[in-house]
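Next come the chains, spelled out residue by residue.
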Amino acid sequence: MHTDDGVVRCTLRGKLKKAFAQANSAHTQNKTNQQPRTKKSANLSPDDARIERIEKRDSSENPLPTRLAVGDYVRLRRLDNTTGVIEEILPRRSELSRRDAASNQNKSVQQTLLANLNQVVIVFAAAQPEPHFGLLDRYLTICESAELKPIICINKADLPHDKLVQQEADLYSHIGYEVIWSSTQTQQNIDTLKTRLRDHITLFTGPSGVGKSSLVNAIEPGMAIQTGMISSATGKGRHTTTGSQLYPLSDGGWLADSAGIRALAAWNIEPEELATCFVEFRPYLSECMYSDCAHIDEEGCAILRAVDEDIIDARRHRSYVRIYTGEER
Ligand code: GDP
Ligand code: ZN
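What counts, and at which threshold
- Residues numbered from 1 in each chain as written.
- Chains lettered and ligands numbered in written order.
- Predicted model: local features only at pLDDT ≥ 70, side-chain atom pairs only at ≥ 80, totals over all residues.
- Heavy atoms only, no water.
- Axes fitted to C-alpha atoms, helices over the stretch in contact; angles between N-to-C directions.
- Helix = DSSP H or I, 4+ residues; strand = E, 2+ residues; numbered from the N terminus.
- Parallel < 35°, antiparallel > 145°, perpendicular 65-115°, else oblique.
- Contact = heavy atoms within 4.5 Å.
- Nonpolar A, V, L, I, M, F, W, Y, C, P; charged D, E, K, R; others polar.
- Donors = N, O, S within 2.8 Å, 3.2 Å for Na, K, Ca; no water.
- Tetrahedral: all angles 85-135°; square planar, octahedral: opposite > 155°, others 65-115°.
- Near = heavy atom within 4 Å.
- Polar contact = N/O pair within 3.5 Å; in protein donor to acceptor, adjacent residues only side chain to side chain.
- Areas by Shrake-Rupley, 256 points an atom, 1.4 Å probe, with all protein chains shown as cover.
- Pairing = 2+ DSSP bridges.
- Phe/Tyr/Trp six-rings, centres within 6.5 Å; stacked < 30°, edge-to-face > 60°.
- Buried < 20%, exposed > 50% of the residue type's maximum accessible area, 1.4 Å probe, protein only.
- Salt bridge = Lys/Arg side-chain N within 4 Å of Asp/Glu carboxyl O.

Draft legend 1. Inspection of the packing of helix H4 (residues 190-197) against helix H5 (residues 212-219) at higher detail. Relative orientation of the contacting elements H4 and H5 amounts to 80°, with a least axis distance of 10 Å. With respect to their mutual orientation, H4 and H5 come out roughly perpendicular. Touching Ile-190, Leu-193, Lys-194 and Leu-197 of H4 are Leu-215, Ala-218 and Ile-219, all from H5. When the residues that make up the contact of H4 with H5 are grouped by side-chain class, the tally is six nonpolar, no polar and one charged.

Draft legend 2. Spatial organisation of the coordination of the zinc ion (ligand 2). At the metal site, the zinc ion (ligand 2) is ligated by Cys-288 (SG), Cys-293 (SG), His-295 (ND1) and Cys-301 (SG), and these contacts range over 2.1 to 2.3 Å. Geometry at the zinc ion (ligand 2) is tetrahedral, judged from its four donor atoms and the angles of 99 to 120° they form at the metal. One chain supplies every donor to the zinc ion (ligand 2), and in sequence these donors are spaced C-x4-C-x1-H-x5-C. Taken as a pair, Cys-288 in the loop between helix H9 (271-274) and helix H10 (302-308) and Cys-301 in the loop between H9 and H10 lie far apart in primary sequence, 13 residues in all.

Draft legend 3. Highlighting the site of ligand 1. Not every one of the 16 residues close to ligand 1 is listed here, only the nearest: Asp-158, Thr-184, Gly-209, Ser-213 and Ser-214. Measuring from an oxygen atom of ligand 1, one finds a backbone N or O atom of Gly-209 at 2.7 Å. Measuring from an oxygen atom of ligand 1, one finds a side-chain N or O atom of Ser-214 at 2.5 Å. Protein chains bury 73% of the 580 Å² of accessible surface belonging to ligand 1 in isolation. If you tally residues by element for the shell around ligand 1, the top one is H5, at three residues. Its residues assigned to classes, the shell around ligand 1 comprises four nonpolar, nine polar and three charged.

Draft legend 4. Summary view of the sheet that holds strand S11 (residues 149-155). Taking strand neighbours across the sheet as the criterion, the six strands line up as S12-S11-S10-S13-S15-S14 in an open arrangement whose pairing is mixed. For this open sheet the edge positions go to strand S12 (178-181) and strand S14 (246-248), each flanked by a neighbour on one side alone. Neighbour to neighbour, the strand axes of the sheet diverge by 30° on average, direction disregarded. In the sheet, strand S10 (residues 119-125) pairs with strand S13 (residues 201-205) via four bridges, with the strands oriented parallel. Of the residues in S13, the one forming a bridge with Val-121 is Phe-204. This element, helix H2 (residues 133-145), spans S10, S11 and S13 of the sheet and lies at about 180° to S10. Each of S10, S11, S13 and strand S15 (254-256) is contacted by H5, which is oriented at about 145° to S13, the strand it contacts most.

Draft legend 5. Up close: the packing of aromatic side chains. Taken as a whole, this structure holds six aromatic pairs when the rule is applied. Residues Phe-281 and Tyr-320 carry aromatic rings whose centres are separated by 5.4 Å and whose planes lie at 70° to one another, so their mutual orientation is edge-to-face. Of the two residues, Phe-281 sits in the loop between H9 and H10 while Tyr-320 sits in helix H11 (residues 314-324), which places them 39 residues apart along the sequence. The pair formed by Phe-281 and Tyr-320 is uniform in burial state, with each residue classed as buried. Judged by centre distance (5.8 Å) and plane angle (40°), the ring pair of Tyr-320 and Tyr-324 falls under tilted. Of this pair, Tyr-320 and Tyr-324 both sit in helix H11, four residues apart, which is roughly one turn of the helix. When its relative accessible area of 1% is taken as the criterion, Tyr-320 is described as buried.

Draft legend 6. Main features of the environment of Gln-187. Position of Gln-187 among the secondary structure elements: in the loop between S12 and H4. C-alpha of Gln-187 to C-alpha of Asp-158: the two residues are 29 residues apart in sequence and 9.5 Å apart in space. Of the polar contacts made by the side chain of Gln-187, one reaches the backbone oxygen of Thr-184; its length is 3.1 Å.

Draft legend 7. Summary view of the pattern of salt bridges. Counted under the stated rule, the structure contains 14 salt bridges. In this structure, the salt-bridge partner of Arg-78 is Asp-5, at a minimum N-O distance of 3.3 Å. You can see Arg-78 sitting in strand S6 (residues 74-78) and its partner Asp-5 sitting in the loop between strand S1 (2-3) and strand S2 (6-7), a full 73 residues away along the chain. For Arg-78, a relative accessible area of 32% corresponds to the partly exposed category.

In structure tokens form, the structure reads like this:
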């Protein structure tokens, strides 16, 4: 664990260990894989006792509030200068989890990959590759669903780009998102990004080739290699583990590594919840004639009326329909 006075090696307090073991045995009953569990220990770091790294766990773990995740704040008891016992896991402000792939039959089984993440920087390029705004809408819904603040970053602002890109980007500012145009070539807005990251726990996400590693490198030289961002751009499969890690930024704050990116991409939103993840739909949702309105082709739908009146952007509504109907991007 990271603490104000350096890294402390910790074990879990008995009570937590017990909850951990119970959750595990309950869960392994319907699983063939019954590996013995190794005792958990963690490195703690400066700045509010955050877990930077915990030992790899197998993906069948059952998440209870008593389960330690990367990013958790804990109360710990010192044994000496370098060791301690985790007494309590403090309540989480946010959770990035994913459903355990091996236990689809049990929907409640979720694995928390990152706790207490504050924000997600969603990176697209102004050109090369052309931005795919339907995909941006997917990322945004995921952030809204997880209650994480998204920041939209349009990188490669130095490259000539279509004026449609500017128009689309303006739409996102108009509905309330922060849009930062950046360039690692001209250093445009690199300082702005640094400021946004300070004292926050941030995940960078976006398609490959848009300049995520280059941005992370411009913000914190050397970081992109550590976070595995570079290898994730060139080849899949380096991270066989689902465990994320957090890396300290020299100005304060933390950056999540690429395992978190995959977790975000695997996020599932329930259809009923989807409309609320389109922020500009929210003021109209209560006006729909039927409480179970899907906002697709219903008579008396307030969302469709707002689209007709050009209050809600028609392309954003099409994105909504595509995600709702499970269409591929
Ligand atoms: P990632 O896959 O998102 O991590 O993208 P990379 O950081 O690997 O960048 C992909 C390519 O885009 C590399 O050739 C970079 O040199 C280039 N690149 C990154 N940022 C910029 C930028 O701001 N402007 C331009 N013109 N090229 C960039
Ligand atoms: Zn409706």
